[in-house]
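Okay, here's what each chain looks like letter by letter:
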Amino acid sequence: MNLTQAQSVQQLLSRPQKIAIVPHKNPDGDAIGSSLGLCHYLQLKGHEARVIVPNDFPKFLKWIPGTQEILIYEWDQSNAEKVILEATVVFTLDFNDLSRSGAVEKSLQKVSAPIVMIDHHQAPHDYASITYSDVSMSSTAEMVYNFIEALGDREIINADIANCLYAGILTDTGSFKFASTTSRTHRVVADLIDKGASNSEIHNRIFDTNTPDRLHLLGCALNNMVILPEYNTAYITLSQDELDANHFRKGDTEGFVNYGLTLENIRFAVIFIENRDEGIIKISFRSEGEFSVNEFARAHFQGGGHTNAAGGKSELSMEETTSRFVALLDQYKSELAK
Ligand code: 5GP
Ligand code: MN
């Protein structure tokens, strides 16, 4: 965050405000951790702040301090819209384009209060009054830490804020392993531990709370994996019937896509998950190295994200979607061989 932005925010927050904080649809650890971390900070500074998420989020995130007070837009639309429209400042976190906020978009379109964007996705849209966008950042949670520091408040970070931001950084860096993890990320995380983040307990609550159903679904996913050595690519499919048979619950497929990348020489990993309710195949893309899944998802699957992690969707059947995907790979053959 540059000085001018910090000064503009400082001015905005110089008197008590009513603040709504909105992260992206299907909120992940970074969306929830960064939003709640910011919420605790703003409350500590004397503002009235509330997090509104577009839809529900996985159980393994529901221990994060403040989750009980989150408003879920799709469950409580009139209340949630009221909070957004009565807000005197709105923060949008961990997304770059209003359409990523799902059903909340129509409320956000009506907002006349200043909007502050904090986000690390590529190609940010120009909808905010203050845009703090940095695609080199590991996570939006790390950016919230920078934001608090830029406002001169690093010293007031308490255990609640620290636990939230740690959870966001942990999940968005794949436990500090993705290329976006810098020495600065580790310094931030070290400071968060000093300020009360229970690091070992957080890892445990996020990664070691599997259910037998989830592990069985993982078994099914790994069984379905198709490896295409000529393209250094591996993909997984999960049909709605397979999800149903394993009593799928939100969040159960989190991280499955990464297994493809654990194979030697595999640089492009994909998971296709059928969602019968929405009539789509939801797709997650991951890569190692320079192959940009953000560009791939944008060009072919109505999506986007980061260089090494992106998402998208397809309205075709599972078979048609995977055939189309495989047919596309030929034009990327040399890039994927690098
Ligand atoms: P995931 O595969 O974990 O759902 O998402 C990986 C990354 O891609 C995240 O940063 C997420 O925000 C982004 N992403 C996921 N789905 C979509 C999508 O449909 N459109 C866009 N633009 N980004 C997405
Ligand atoms: Mn993120």
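Residues numbered from 1 in each chain as written. Chains lettered and ligands numbered in written order. Predicted model: local features only at pLDDT ≥ 70, side-chain atom pairs only at ≥ 80, totals over all residues.

## What about the overall build of the protein?
Within the protein one finds 13 helices and twelve strands. The C-alpha atoms of the protein give 20 Å as radius of gyration, which agrees with the globular expectation for 338 residues (20 Å, within 12%). In terms of principal-axis extent, the alpha carbons of the protein reach across some 60 × 40 × 40 Å. In the protein, which comprises 338 residues, the share counted as buried stands at 43%. The long-range fraction of contacts in the protein, counting pairs at least 24 apart against all pairs at least 6 apart in sequence, stands at 65%. (Helix = DSSP H or I, 4+ residues; strand = E, 2+ residues; numbered from the N terminus. Rg over C-alpha atoms; globule rule 2.2 N^0.38 Å. Buried ≥ 20, exposed ≤ 12 C-beta atoms within 10 Å, placed from the backbone. Contact = placed C-beta atoms within 7 Å.)

## A word on the site of ligand 1
Near ligand 1 you find 13 residues, and of these Ser284, Gly303, Gly304, Gly305 and Gly311 are the closest. Secondary-structure elements contributing two or more residues to the shell around ligand 1 are strand E11 (304–305) and strand E12 (309–314). Here the element with the most residues in the shell around ligand 1 is E12; it accounts for five residues. Summarising the domain contributions, the shell around ligand 1 has at least three residues from each of domain 1 (3–207) and domain 2 (212–337). (Near = placed C-beta within 6 Å. Domains from an automatic or database assignment.)

## Observations concerning the confidence of the model for the protein
In this model, the protein carries an average pLDDT of 97, and 100% of its residues clear a pLDDT of 70 or more. Scoring the predicted complex yields pTM 0.94 and, for the interface, ipTM 0.97. (pLDDT = per-residue confidence, 0-100.)

## Focus on the pairing of strand E10 (residues 280–287)
With respect to burial, E10 is a largely interior element, six of its eight residues being buried. Note: strand E9 (residues 268–275) against E10, eight bridges, orientation antiparallel. From the neighbouring strand, Glu274 faces E10, where its bridge partner is Ile281. Hairpin connection from E9 to E10: four residues lie between these consecutive antiparallel strands, with Gly279 at a positive phi of about 65°. Relative to E12, E10 runs antiparallel, the two being bridged by six bridges. Across the sheet, residue Ile283 finds its bridge partner in E12, namely Gly312. (Pairing = 2+ DSSP bridges.)

## Thoughts on the nonpolar core
Counting 60 residues, the largest nonpolar core has Ile21, Ile52, Leu165 and Tyr166 as the members making the most contacts within it. The biggest single contributor to this core is helix H6 (residues 159–172), with eight residues. Setting aside its immediate chain neighbours within four residues, Tyr166 contacts Val189, Leu192, Ala197, Asn199 and Ile202. Membership of the second largest hydrophobic core comes to 26 residues, among which are Val257, Ile271, Phe285 and Phe291. (Core = buried A, V, L, I, M, F, W, Y, C linked by C-beta atoms within 7 Å.)

## A short note on the UniProt feature "domain: DDH" (unreviewed entry) in the protein
Summarizing the sequence annotation, UniProt attributes the feature "domain: DDH" (unreviewed entry) to residues 18–169 in the numbering used throughout. Across residues 18–169, the secondary structure splits into 35% helix and 18% strand, with the terminal C-alpha atoms separated by 27 Å. (UniProt positions renumbered as here; feature names shortened; annotations may be inferred.)

## Points about unusual backbone geometry
Peptide bonds are trans in most cases, and residues, glycine excluded, mostly fall at negative phi. For Asn26, which is not glycine, the phi dihedral falls at a positive 50°. Residue position: Asn26 is located in the loop between strand E1 (18–23) and helix H2 (29–44). Positive phi is not limited to glycine here, since Asn265 has a value of about 70°. Relative to the helices and strands, Asn265 is located in the loop between helix H10 (240–245) and E9. A count of 10 C-beta atoms within 10 Å places Asn265 in the exposed class.

## Structural notes on the UniProt feature "domain: DHHA1" (unreviewed entry) in the protein
As recorded in UniProt, the sites labelled "domain: DHHA1" (unreviewed entry) are residues 251–332. Helix makes up 24% of residues 251–332 and strand 29%, whereas the separation of the span's terminal C-alpha atoms amounts to 31 Å.

## Things to note about the domain arrangement of the protein
Split into domains, the protein comes out as domain 1 (3–207) and domain 2 (212–337). For domain 1 versus domain 2, the distance between C-alpha centres works out to 27 Å. Listed per partner, the contact involves ten residues of domain 1 and nine residues of domain 2. In the side of domain 1 that touches domain 2, the residues fall into five nonpolar, three polar and two charged. (Nonpolar A, V, L, I, M, F, W, Y, C, P; charged D, E, K, R; others polar.)

## Some thoughts on the sheet that holds E1
Taken in spatial order, the six strands line up as E3-E2-E1-E4-E5-E6 in an open sheet, and their pairing is parallel. Either end of the sheet is taken by a strand with one partner, and the two such strands are strand E3 (71–72) and strand E6 (130–133). Where strand E2 (residues 48–53) meets E3, two bridges bridge the pair, whose relative direction is parallel. Counterpart to Val53 in the pairing with E3 is Ile72. Taken strand by strand, helix H1 (residues 3–12) contacts strand E4 (89–93), strand E5 (115–119) and E6, and its axis lies near 130° from that of E6. Here helix H5 (residues 140–150) sits on the sheet and contacts E4, E5 and E6; the angle it forms with E5, its principal contact strand, is near 125°. (Axes fitted to C-alpha atoms, helices over the stretch in contact; angles between N-to-C directions.)

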